[in-house]
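# Examination of the molecular architecture
Given next are the chains, with one letter for each unit.
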Amino acid sequence: TVASQMGERPIEEGKVSGDEISFAVTVEFGGQSRKMMYKGKVAGEEIKFTVGQGERAREFTAKRATS
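Along each chain, the written sequence defines residue order, and numbers are assigned to residues from 1. Where totals are concerned, whole chains, interfaces and linings use all residues; where local detail is concerned, this predicted model gives features only for residues with pLDDT of at least 70, and gives and counts side-chain atom pairs only at 80 or more. Water and hydrogen atoms were dropped before computing side-chain values, which therefore reflect all heavy atoms in the structure.

### Section: the nonpolar core
The criterion, for reference: We call a set of buried residues a nonpolar core when its members are Ala, Val, Leu, Ile, Met, Phe, Trp, Tyr or Cys and they connect through side-chain atoms within 4.5 Å of each other. The classification of residues rests on relative accessible area computed with a 1.4 Å probe and restricted to protein chains. Under 20% of the type maximum is buried, over 50% is exposed, and intermediate values are partly exposed. Where helices and strands are cited, they refer to DSSP runs of H or I of at least four residues and of E of at least two residues respectively, numbered from the N terminus. The contact definition used throughout considers only heavy atoms, calling two residues in contact when any of these lie within 4.5 Å.
By size, the foremost hydrophobic cluster in this structure holds 8 residues: Val 2, Ile 21, Phe 23, Val 25, Val 27, Tyr 38, Phe 49 and Val 51. Of all the secondary structure elements, the ones that give two or more residues to this core are strand E4 (20-29) and strand E6 (46-51). For this core, the leading source of residues is E4, giving 4 residues. Apart from the residues within four sequence positions on either side, Val 27 is in contact with Met 6, Arg 9, Gln 32, Ser 33, Arg 34 and Met 36.

Rendered as structure tokens:
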């Protein structure tokens, strides 16, 4: 799942190819469904992601949780 301020959403269309990861998450906005595409690349203990496309794309980094 992907967790955000809007709650948790299941991952769809997940794919791993070498150090590249991609998946989709369907979200609801104003009664309409929209599929958000995530693409990432593994680098050591983190994954650098881009979500969205074009001007609306944003980047973030997911890091491995430490105990």
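### Remarks on the sheet that holds strand E5 (residues 32-43)
Hydrogen bonds between backbone groups are what pair the strands of a sheet, and the pairing can be parallel or antiparallel. Filter applied, for reference: Whether two strands pair depends on DSSP finding at least two bridges between them. Structural elements are reduced to axes, namely lines fitted to C-alpha atoms, with helices fitted over the stretch in contact, and the angle between N-to-C directions of any two is expressed from 0 to 180 degrees.
One open sheet holds the 5 strands; their spatial order is E3-E4-E5-E6-E7, and the pairing between them is antiparallel. The open sheet is flanked by strand E3 (12-17) and strand E7 (58-63), the only strands paired with a single partner. Sheet twist, expressed as the mean angle between neighbouring strand axes with direction ignored, is 25 degrees. In the sheet, E5 pairs with E6 via 6 bridges, with the strands oriented antiparallel. Directly across from Ala 43, in E6, lies its bridge partner Glu 46.

### A short note on the pattern of salt bridges
Inclusion rule: The term salt bridge refers to a side-chain nitrogen of Lys or Arg lying within 4 Å of a carboxyl oxygen of Asp or Glu.
A full pass over the atoms with the stated rule returns 4 salt bridges. Between Asp 19 and Lys 41 there is a salt bridge, with its nearest N and O atoms 3.9 Å apart. Pair noted here: Asp 19 is in the loop between E3 and E4 and Lys 41 is in strand E5, with a separation of 22 residues, a long-range link. Here Lys 48 and Glu 46 are joined by a salt bridge, their closest N and O atoms 3.5 Å apart.

The quantities given are spatial measurements derived from coordinates; they are silent on function.
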